[in-house]
Amino acid sequence: LERLEENGIDVPTPRTWILRVDEEPPDDLEFPLFVRTPVSSWKRGGEQGRVCNLKQLQDEIELLRRAFGWDTPILARQWLNLAVAGTWMFGNAPQEVRVWIVDKVPAGWSFHYLHAIPSPRGFPPTEPDLQLLADLAAQVARPFRSRLIAADFVRDRQGHWHLLEAGPGAVAGTAHEAVFKFVARRLMREGAELAGDAVGGRL
């Protein structure tokens, strides 16, 4: 998120505050917030890290730092009312798409929670939605040097897409085998075809 801001990349993203150790929470926090670390979100008692006031925020920060390190930065993100793809062990799973970008070109997409929900509601995205995701992903890729980037987008209940995060694709995963193999072949600069289905395809 910092890299995108530094390079003037303007894509729909929930406002995010970075809370560092020994810093007071900023005065402009807007509750409710979704709270996580840069590497993992917390699912205390099976619920996502939603906090509604400063006391809950401090409790969540303490739990996260106890689990992930005393100096772990905390990301406090504007809460979004997300469209639901289905339910799993942690409650509602959002309609979230991982876009795979190879050499700065969006190559494919896959439903993020396919390992838990094989037939999600709201899928496949419409062709205009897929075109929008491809356009947004191309913008996200511009400031990065990695050949493979994974960018995660989520749809809210009004049908709008938001970028949640982006990072090196080497540490990202998908349960969609065909998309995985397609992206791997693109990385090797081999010819690749992908028919696609309701939960993944090419862009």
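What you see is a predicted model, and the numbers here were worked out from it, not measured in a lab.

Caption draft 1: Looking closely at the nonpolar core. Membership of the largest hydrophobic core comes to 27 residues, with the highest contact counts inside it found for Phe-111, Val-140 and Phe-153. Within the residue set of this core, elements represented by two or more residues are strand E7 (96-102), strand E8 (105-111), helix H3 (127-141), strand E9 (148-155) and strand E10 (161-168). Residue contributions to this core peak at 6 residues, all from H3. Beyond its immediate chain neighbours, meaning those up to four positions away, Val-140 contacts Leu-4, Ile-9, Val-11, Ala-151, Phe-153, Leu-163 and Ala-166. If you look at the next biggest cluster of nonpolar residues, it comprises 11 residues, including Leu-19, Leu-29, Val-51 and Ala-76.

Caption draft 2: Highlighting the packing of aromatic side chains. Tallied over the entire structure, the rule returns 5 aromatic pairs. On the basis of an interplanar angle of 50 degrees and a centroid distance of 6.4 Å, the ring pair of Phe-34 and Trp-79 is categorised as tilted. Here Phe-34 is found in strand E2 (residues 33-36), whereas its partner Trp-79 is found in the loop between strand E4 (74-78) and strand E5 (84-88), with 45 residues between them in sequence. You can call Trp-79 partly exposed: its relative accessible area is 25%.

Caption draft 3: Unusual backbone geometry, seen in detail. The omega torsion across Phe-31 and Pro-32 is 0 degrees, close enough to zero to call that bond cis. Residues Phe-123 and Pro-124 are joined by a peptide bond in cis, for which omega reads 5 degrees. Inspection of the secondary structure assignment puts Pro-124 in the loop between E8 and H3. In the Ramachandran plot, Asp-22 falls in the positive-phi region, its phi being about 65 degrees despite a non-glycine side chain. Turning to its location among the elements, Asp-22 is positioned in the loop between strand E1 (16-19) and E2. Positive phi, close to 60 degrees, is recorded for Arg-189, a residue that is not glycine. Along the polypeptide, Arg-189 turns up in the loop between helix H4 (177-187) and strand E11 (200-202). Judged by relative accessible area, which is 62%, Arg-189 ranks as exposed.

Caption draft 4: How the structure looks around the pattern of salt bridges. Following the criterion strictly, the structure yields 12 salt bridges and no others. For Asp-103, the salt bridge identified is with Arg-147, shortest N-O distance 2.8 Å. One end of the pair, Asp-103, is in the loop between E7 and E8; the other, Arg-147, is in the loop between H3 and E9, and 44 residues separate them in sequence. Residue classification places Asp-103 among the partly exposed residues on the basis of a relative accessible area of 33%. Looking at Arg-147, the relative accessible area reads 30%, which means it is partly exposed. Asp-129 is the salt-bridge partner of Arg-155, the closest N and O atoms lying 2.9 Å from each other. Here Arg-155 is found in strand E9, whereas its partner Asp-129 is found in helix H3, with 26 residues between them in sequence. The exposure class assigned to Asp-129 is buried, which follows from its relative accessible area of 15%. What you see here is one network of salt bridges that share partners, running through Arg-15, Asp-28 and Glu-30.

Caption draft 5: Examining the sheet that holds E4 more closely. One open sheet accounts for 4 strands, arranged E1-E4-E2-E3; its pairing is antiparallel. Where the open sheet ends on each side, the last strands, each with one partner, are E1 and strand E3 (50-51). Of the strand pairs in this sheet, E1 and E4 are connected by 4 bridges, and their pairing is antiparallel. When the bridges of E4 are listed, Ile-18 appears paired with Leu-75.

Caption draft 6: Up close: H4. When H4 is considered as a whole, its buried residues turn out to be Val-179, Phe-182 and Val-183. Angularly, the buried residues of H4 cover 95 degrees about the axis, an arc narrow enough to put them on a single face. Arg-189 occupies a position one or two residues after H4 and carries a positive phi of about 60 degrees.

So, how was this worked out
- Residues numbered from 1 in each chain as written.
- Predicted model: local features only at pLDDT ≥ 70, side-chain atom pairs only at ≥ 80, totals over all residues.
- Heavy atoms only, no water.
- Core = buried A, V, L, I, M, F, W, Y, C linked by side-chain atoms within 4.5 Å.
- Buried < 20%, exposed > 50% of the residue type's maximum accessible area, 1.4 Å probe, protein only.
- Helix = DSSP H or I, 4+ residues; strand = E, 2+ residues; numbered from the N terminus.
- Contact = heavy atoms within 4.5 Å.
- Phe/Tyr/Trp six-rings, centres within 6.5 Å; stacked < 30°, edge-to-face > 60°.
- Salt bridge = Lys/Arg side-chain N within 4 Å of Asp/Glu carboxyl O.
- Pairing = 2+ DSSP bridges.
- Arc of directions from axis to C-beta.

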